[in-house]
Amino acid sequence: MAHAEPNERFTALYHAHYHQVYAYAVSRAGRKLADDVVGDTFLVAWRRLDDVPARPLPWLLGVARNVTRERFRDDIRQASLAAELRAWVVETDADIADSVAERAAMLAALAGLSEDDREVLTLTAWQGLSAKDAARVLGCSTATFFVRLHRARKRLEQAMSDAVTVDRHRPARSPEQEYAR
């Protein structure tokens, strides 16, 4: 790809990584702002095409992270992301399958974590990055990333445990109440 003409190289880069950058943008800024983040990310990639490394995904996600931080204030991003996570929880609560209920609990617990914890967890779990690549996105060492990941996982585990404890203390619904939902 290094010998390709700039238009071809950019087009290949865009097609190869658009969906991953979009998923990252949704996880960081919510669906309403994701298109803007992705557009700005690829604009930076076009302008700095010679700086894009051979393994571009961590670099692109780092750019997307910077775009998100620069463009949107924390309170707007947090409100949008929290609304997105709540919407996912509501969507999953409508389904009766156990796996969906577990997903709802996971998303609810994830929504309760700090932005930094959510980012560390989603870079590896949702974006599929290695620890080395995720550390590159965050601008820290791999060892520091592992520490952050371990702590975030512990906090997620605790949040899920707390949610199960709260759920056990709720009164059970009768079949009639459940059917009326």
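How each quantity is defined
Residues numbered from 1 in each chain as written. Predicted model: local features only at pLDDT ≥ 70, side-chain atom pairs only at ≥ 80, totals over all residues. Heavy atoms only, no water. Axes fitted to C-alpha atoms, helices over the stretch in contact; angles between N-to-C directions. Helix = DSSP H or I, 4+ residues; strand = E, 2+ residues; numbered from the N terminus. Left-handed = near helix turned anticlockwise from the far one by under 90°. Contact = heavy atoms within 4.5 Å. Core = buried A, V, L, I, M, F, W, Y, C linked by side-chain atoms within 4.5 Å. Buried < 20%, exposed > 50% of the residue type's maximum accessible area, 1.4 Å probe, protein only. Expected span 1.5 Å × (residues − 1). Arc of directions from axis to C-beta. 1 Å grid on protein atoms, 1.4 Å probe; cavity = no way out; pocket = protein on both sides within 12 Å on 5 of 7 lines; lining within 4 Å. Points joined across faces, edges and corners; volume = space filled by probe spheres on them. Nonpolar A, V, L, I, M, F, W, Y, C, P; charged D, E, K, R; others polar.

(A) Up close: the packing of helix α3 (residues 56-71) against helix α7 (residues 131-138). Running from N to C, α3 and α7 cross one another at 35°; their axes reach a closest spacing of 8 Å. As for the relative orientation of α3 and α7, their crossing is right-handed in sense. Contact residues: α3 offers Pro58, Leu61, Gly62 and Arg65, while α7 offers Asp133, Arg136, Val137 and Leu138.

(B) Broad picture of the side chain of glutamine 127. As for its position among the elements, glutamine 127 is in the loop between α6 (115-125) and α7. Each residue touching glutamine 127, except ones within four places of it in the same chain, is listed here: Gln20, Ala23, Tyr24, Ser27, Leu61 and Thr122.

(C) Geometry of the nonpolar core. Counting residues in hydrophobic clusters, the biggest one holds 39 residues, and the most contacted among them are Leu61, Leu123 and Phe145. Secondary structure elements with two or more residues in this core: α1 (6-29), α2 (31-47), α3, α5 (98-111), α6, α7 and α8 (142-168). The contacts of phenylalanine 145, once residues within four sequence positions are left out, are Val120, Thr124, Ala131, Ala134, Ala135, Leu138 and Cys140.

(D) Focus on the environment of cysteine 140. Along the chain, cysteine 140 falls in the loop between α7 and α8. We classify cysteine 140 as buried; its relative accessible area is 18%. Ignoring any residue separated from it by four or fewer positions in sequence, one finds cysteine 140 in contact with Ala135, Phe145 and Arg148.

(E) View of α7. Along α7, 6 of the 8 residues are buried, which leaves the element largely enclosed by surrounding structure. Within α7, the full set of buried residues consists of Ala131, Asp133, Ala134, Ala135, Val137 and Leu138. Looking one or two places after α7, you find glycine 139, whose phi comes out positive at around 75°.

(F) Broad picture of the environment of tyrosine 14. In this fold, tyrosine 14 is placed in helix α1. Put simply, tyrosine 14 and phenylalanine 42 are 28 residues apart on the chain and 7.3 Å apart in space, counted from C-alpha to C-alpha.

(G) Highlighting α2. With 17 residues, α2 extends 25 Å from end C-alpha to end C-alpha; this agrees with the ideal 24 Å at 1.5 Å per step. Within the sequence span of α2, burial applies to Leu33, Ala34, Val37, Val38, Thr41, Phe42 and Ala45. Viewed end-on, α2 has its buried residues packed into an arc of 165°, placing them on one side of the element. In α2, the exposed positions angled more than 90 degrees off the buried face are occupied by Lys32 and Arg47.

(H) Broad picture of empty space enclosed by the protein. One pass over the full model with this rule turns up 1 cavity of 30 Å³ or more. Looking at the largest cavity, its volume works out to about 40 Å³. Lining the largest cavity are Ser27, Arg28, Leu81, Leu85, Leu110, Arg118, Glu119, Thr122 and Trp126. Listed by contribution, the elements that provide at least two residues to the lining of the largest cavity are α1, α4 (74-93) and α6. Grouping the constituent residues of the lining of the largest cavity by class yields 4 nonpolar, 2 polar and 3 charged.

On their own, these measurements won't tell you what the molecule is for.
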